[in-house]
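# Structure assessment
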Amino acid sequence: MNSSPSPVLVAVAWPYASGSRHLGHLAGAYLPADVFARYQRLIGNRVLMVSGSDTHGTPITVRADAEGVTPAEIVDRYHNEFVADWERLAISWDCYTTTGTENHTAVVQDMFLRLLEKGHIDKRISEQYYDTEVGRFLPDRYIEGTCPHCGYTEARGDQCEDCGRTLDPEELLDPRSKFSGSQPELRSTEHFYLRLTDFEEVLGQWLEERKGWRRHVLNFSKGWIEEGLQDRAITRDLDWGIEIPVDDLGDGKRIYVWFEAVIGYLSASKEWAEAQGTSEAWREWWEGDKARSVYFIGKDNIPFHTIIWPGMLSGYGGLNLPTDVPANQYVTFKGGKASASRGVGLTIGEGLDLFEPDGLRYALAANLPEQSDTDISVEEIARRINEELAATWGNLVNRVLSMVHKTCDGQVPEPGDRLPEDMALLATIDASLVTAGQQLEKVELRAALRTGMDGAAAVNAYLNATEPWKVAKEDPERAKVILGTALAAVGGVRVALAPYLPFSTEILNDPFGPVTGWQREELTPGLPVGKPSPLFAKVDLGELLADQES
RNA sequence: GGCGACGUAGCUCAGCUGGUGAGAGCGCCCGACUCAUAAUCGGGAGGUCGACAGUUCAAAUCUGUCCGUCGCUACCA
């Protein structure tokens, strides 16, 4: 069915190992990437799905200091948590790694050196606040003081939360370090800068030519270009991070996260290739016209993936720029942005403790914030599971398998002589697979899930119309034809839902067999069909909420 | 302050290159059915598409102003 399998790089945002990730992150990036990747594999494309834990950066060192442990311990803790979450959710990585590997360091340093050699990186000196007590330079966010505009005394170096104005740290009156409370002093420090201005024209033109990208992604990116790109410092006064491969700046400087984390897509691809024993195989996904690369991220990451990373790639040369960046908006919880640190919403682990993985996957997929922020709650997740997943799909599987078990001697019946109404149902299911496929290809994952569920509803309607439980009494042969048709239709619906529901899909391998392609397969007559048990348990919302209270 | 987006049925959302009577799912009401996880199927009620003004033969869709919500603002990533 897929005459020309093509390489598809599924590049997924790197979760920051500074704390637990929440359901918003799951819905924003990891789940849609997994659904897309599973679909692409089913239609026969060669998928390479990569990501890893982002292990560097100031917040991790701050947390480590606060807890009196090393940054590496923080990173290990959360990396292990993420890996456990992916396992529980069956996120189908080809390579999930970290930015702490030797390979990543090598790839980052190679990128750095090439850009330096080509003149896209240069050195500049700036004045930055330095905390003499703890002996470190201070990121803007870690400087507090009095806002020069409104007099708010708790303003941060980047922004006053009271009046909302953007600030430079030097503007703050009475600045103090968030670490020690002492008054920091300005010291000059030298850093490498990425000359984004070099790429302004080429990126502007590239963005103009993008077709089929989500509107908000394109608007936001073009807005950056219109405002004019600024060169950005890509090194920091830190000792936690990737070493700069030239020693011009002296000690105590590292390449900063936002520059190196995006390179992870490339280094993870290389790590995967190496692990396969084919060290050059990564090129299939990064070079040439046939390869596609789709980046799954939340909207906060848009400029890194539509401006900075493409800029780096075009400066480096020879590697493909993103084919599409279907960034999602935010999942909000009762109107607020999810934030594990502020206690808004659930972490992924908490979500998995409350709901079965397929149920959680279904509920989030049905609420993906593809066009606009989407509000979600425990009640909403439970509603999706109980009223849609279990009621429409789980119950359908159960009712069909039960009837086949009872009426057809516990085995898959022969197709027999199908009537037009039977053929119509199968045609409907086959058409829904085509439609869902088109939607998945456009990364309209909510719509594709809906299409699959409509297929389930069509089978339910067919059963109500043909009434096999009645027919069985007068015309057992006709009942078997109906049930065989329904069984085949259920098999088709199962394919449409397979990218979303890996666990229950696998449970149905008996009797349907594994899903191996994006089409409905006729079942082999005679296969045993045992007495089924419900695919999905209903969620007891009252119990759930009571548990949450305690 | 600047930028981006959002505000459409009780709830969560789609529609927005302007044009057949404004949609979906769930909830609700009525009916059918009873094989199935009190599941399913059919029908129905329900919206001045945030407010105001404008452009147009025609606006939920374009423009402006206002109100409300969210996010970003380049040293969080």
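Quick look at the structure, then. (Residues numbered from 1 in each chain as written. Chains lettered and ligands numbered in written order. Predicted model: local features only at pLDDT ≥ 70, side-chain atom pairs only at ≥ 80, totals over all residues. Heavy atoms only, no water.)

Tallying secondary structure elements over chain A gives 20 helices and 17 strands in all. Radius of gyration (C-alpha) of chain A: 27 Å, near the 24 Å computed for a compact globule of 550 residues. With the C-alpha coordinates aligned to their principal axes, the bounding extent of chain A is approximately 95 × 55 × 40 Å. The buried share of chain A, taken over its 550 residues, is 55%. In chain A, the share of contacts with a sequence separation of at least 24, taken over all contacts with a separation of at least 6, comes to 76%. Of the roughly 23200 Å² of accessible surface on chain A, 47% is carried by carbon and sulfur atoms. (Helix = DSSP H or I, 4+ residues; strand = E, 2+ residues; numbered from the N terminus. Rg over C-alpha atoms; globule rule 2.2 N^0.38 Å. Buried < 20%, exposed > 50% of the residue type's maximum accessible area, 1.4 Å probe, protein only. Contact = heavy atoms within 4.5 Å. Areas by Shrake-Rupley, 256 points an atom, 1.4 Å probe, with all protein chains shown as cover.)

For helix α15 (residues 445–466), with 22 residues, the first-to-last C-alpha span of 32 Å sits near the 32 Å given by 1.5 Å per residue. Trailing α15 by a residue or two, E467 shows a phi angle of about 45°, which is positive. (Expected span 1.5 Å × (residues − 1).)

The next point concerns the side chain of D358. Within the secondary structure, D358 is located in helix α12 (residues 357–366). Within the buried core, D358 has no salt-bridge partner, and the shortest N-O distance to an opposite charge, that of R361, equals 4.5 Å. Polar side-chain contacts of D358 include one of 2.5 Å to the backbone nitrogen of S504. For D358, the residues in contact, after removing those within four places along its chain, are L389, Y500, L501, P502, F503, S504, T505 and F536. (Lys, Arg positive; Asp, Glu negative; His and termini not counted. Salt bridge = Lys/Arg side-chain N within 4 Å of Asp/Glu carboxyl O. Polar contact = N/O pair within 3.5 Å; in protein donor to acceptor, adjacent residues only side chain to side chain.)

Lining the immediate surroundings of RNA strand B are 59 residues, of which D54, Q128, Q159, Y256 and D375 lie closest. Within 4 Å of the protein, atoms of RNA strand B come from sugar and phosphate in 64% of cases. R236 is positioned such that a nitrogen or oxygen atom in its side chain is 3.4 Å from a sugar or linking oxygen of RNA strand B. D373 is positioned such that a nitrogen or oxygen atom in its backbone is 3.3 Å from a phosphate oxygen of RNA strand B. Elements that contribute at least two residues to the surface near RNA strand B include exactly α2 (58–67), α6 (215–227), α7 (257–261), β17 (374–376), α13 (378–407), α15 and α16 (468–474). When residues of the surface near RNA strand B are assigned to their parent elements, the largest contribution, 11 residues, is made by α13. Its residues assigned to classes, the surface near RNA strand B shows 18 nonpolar, 19 polar and 22 charged. (Near = heavy atom within 4 Å. Nonpolar A, V, L, I, M, F, W, Y, C, P; charged D, E, K, R; others polar.)

Let us look at the environment of I225. Examined against the element boundaries, I225 turns out to sit in helix α6. Accessibility expressed as a relative area gives 13% for I225, which makes it buried. Considered as a pair, I225 and E200 are 25 residues apart in the sequence and their alpha carbons are 6.6 Å apart. Residues within four places of I225 in sequence aside, it is in contact with E200, L203, G204, L207 and I307.

Fair warning: the whole summary comes from geometry, so function is off the table for now.
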